[in-house]
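Structural characterization, general
Given next are the chains, with one letter for each unit.
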Amino acid sequence: MPKTSYTGRHRPAAKPSRGRQFVVPVALLSSTVAGGLVIRDAGASQLSPEAAAMKNVSNSVAGLGLAADPEAVSAAAANRAGARSSRDMARDAKTLIVGATQTATQSAAEAQAAAVKAAADRAAAQKAKAAAAAKAKQAAAARALARAHRWVSPVAGYTLTSGFGFRWGKMHPAQDLACPVGSPVHSLSSGTVIFAGWSNEGYGNFVKIRYWDGTVSWMAHNSRLLVSVGETVTPGQVVAYSGSTGNSTGPHVHLEIHPDDGAAVAPITWLAKHGVML
Ligand SMILES: [Zn+2]
């Protein structure tokens, strides 16, 4: 027996044909859409039952947007356009703000970097200036020290007479420099006067100066003294005028050099080592 053949008790009821039921509403809908545009504004009380029904359908259709009011549509579109425009403007403004903020941030960073660099430049310039000033000060101090520590000849115009050594069987621990009475007698360098006065040992008007390096000079037989004990003197300063006071046979400067205030040494040799050639 073929299985396609249905033999059960419950034979399925024939489905009702809906073709006709479907066609009619479509036709009705089509007509009511056209008719509804005409009757939409008519009062319900003035309409026949059929027309009222069509108005309801028409309103429903209109509610579905099938018969949208053109003005409303364009107004809505305008609203949407306006809204879109506002959004665009907001977005543009946000972009501008972000851009401006970035620009401002960048400018601030650049300004800060420039300020830091300027400060560093100023500091470097000040440092260089301070270094140059310190160097100049140091150089000036060195020059001043060199000036203060220089050695000079005791008298300008002289004749070497008795030198360092034995003379007439007696030690002469000095160099005699014959010069006219009243010749300026100079301090040999920077120092302090440790004796200035009359000598009872035959040196006449006598001056002793202790110099910056500890060396002590004796200069005797002066006609006149210009300094006193404790006075500081500079290289070449006139401390006395030459003469022939004390045990002297003629006008001259009797010069002794006592390194570290010790035993006398030959003045010519010592002065030569200090750049002074007698
Ligand atoms: Zn002498």
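These numbers come from a predicted model, not from an experiment. (Residues numbered from 1 in each chain as written. Predicted model: local features only at pLDDT ≥ 70, side-chain atom pairs only at ≥ 80, totals over all residues. Heavy atoms only, no water.)

This part covers the sheet that holds strand 7 (residues 204–211). Pairing is antiparallel across the open sheet formed by 7 strands, whose spatial order is 1-4-12-8-7-6-10. On the outer flanks of this sheet lie strand 1 (159–160) and strand 10 (232–233), each paired with one strand and no other. (Pairing = 2+ DSSP bridges. Helix = DSSP H or I, 4+ residues; strand = E, 2+ residues; numbered from the N terminus.)

Attention shifts here to the nonpolar core. Grouped together as the largest cluster of nonpolar side chains are 21 residues, with contacts concentrated most on Val-185, Leu-188, Val-207, Ile-209, Met-219, Val-239 and Leu-255. Mapped onto this core, the elements with two or more residues apiece are strand 7, strand 11 (238–241), strand 12 (252–258) and helix 4 (267–273). Ignoring anything within four residues of it in the chain, the contact list for Val-239 reads Val-185, His-186, Ser-187, Val-207, Ile-209, Met-219, Leu-225, Leu-226, Val-227 and Val-233. Membership of the second largest hydrophobic core comes to 5 residues, among which are Tyr-203, Val-216, Trp-218 and Ala-220. (Core = buried A, V, L, I, M, F, W, Y, C linked by side-chain atoms within 4.5 Å. Buried < 20%, exposed > 50% of the residue type's maximum accessible area, 1.4 Å probe, protein only. Contact = heavy atoms within 4.5 Å.)

Okay, the pairing of strand 7 next. Judged by how many residues are buried, strand 7 sits mostly within the fold: 6 of 8 residues are covered. Alignment of strand 6 (residues 191–199) against strand 7, held across 8 bridges, turns out to be antiparallel. Pairing of Ser-199 across the sheet is with Gly-204, part of strand 7. If you look at the hairpin formed by strand 6 and strand 7, you'll find 4 residues sitting between the two strands, and Gly-202 has a positive phi there, around 95 degrees. Of the pairings in the sheet, the one linking strand 7 to strand 8 (residues 216–222) comprises 5 bridges and is antiparallel in character. Opposite Ile-209, over in strand 8, you have Ser-217 as the bridge partner. Connecting the antiparallel pair strand 7 and strand 8 is a turn made up of 4 residues, with Gly-214 showing a positive phi of about 95 degrees.

A cluster of nonpolar side chains, contributed by Phe-164, Phe-166 and Met-171, occupies part of the molecular surface with about 320 Å² of accessible area. Topologically, Phe-166 is positioned in strand 2 (residues 165–167). Using a relative accessible area of 68% as the deciding quantity, one classes Phe-166 as exposed. (Patch = residues over 30% accessible without salt bridge, like charges linked within 9 Å, V, L, I, M, F, W, Y side chains within 5 Å. Areas by Shrake-Rupley, 256 points an atom, 1.4 Å probe, with all protein chains shown as cover. Salt bridge = Lys/Arg side-chain N within 4 Å of Asp/Glu carboxyl O.)

Inspection of every chain in the model, using the stated rule, returns 2 salt bridges. A salt bridge links Lys-117 to Asp-121, with the shortest nitrogen-to-oxygen separation between them at 3.1 Å. With Lys-117 and Asp-121 both in helix 3 (residues 70–148), this residue pair falls 4 residues apart, about one helical turn. Lys-117 sits in the exposed class, given a relative accessible area of 52%. For Asp-121, a relative accessible area of 41% translates into the label partly exposed. Where Arg-167 meets Asp-176, a salt bridge forms, and the shortest distance between an N and an O atom there is 3.4 Å. By relative accessible area, Arg-167 is classed as partly exposed at 27%. Since its relative accessible area comes to 4%, Asp-176 is described here as buried.

The next subject is the side chain of Asn-205. Inspection of the secondary structure puts Asn-205 in strand 7. A relative accessible area of 16% means that Asn-205 is categorised as buried. Looking at Asn-205, its side chain comes within polar contact range of the main-chain oxygen of Asn-222, at 2.9 Å. Asn-205 has contacts with Gly-197, Trp-198, Met-219, Ala-220, His-221, Asn-222, Ser-223, Arg-224, Leu-225 and Thr-245, leaving out every residue within four places of it along the chain. (Polar contact = N/O pair within 3.5 Å; in protein donor to acceptor, adjacent residues only side chain to side chain.)

With respect to the helices and strands, the residue Ser-189 is situated in the loop between strand 5 (184–186) and strand 6. A polar side-chain atom of Ser-189 sits 3.3 Å from the main-chain carbonyl oxygen of Ala-148. Polar side-chain contacts of Ser-189 include one of 2.8 Å to the backbone oxygen of Arg-150. Apart from the residues within four sequence positions on either side, Ser-189 is in contact with Ala-148, His-149, Arg-150, Trp-151, Tyr-211, Trp-212, Val-233, Thr-234 and Pro-235.

Within a beta sheet, neighbouring strands are joined by backbone hydrogen bonds and run either parallel or antiparallel to one another. The antiparallel open sheet is built from 3 strands, whose spatial order is 5-11-9. Edge strands, defined here as strands with exactly one partner in the open sheet, are strand 5 and strand 9 (224–225). Where strand 9 lies against strand 11, 2 bridges are found, and the strand directions are antiparallel. Pairing of Leu-225 across the sheet is with Ala-240, part of strand 11.

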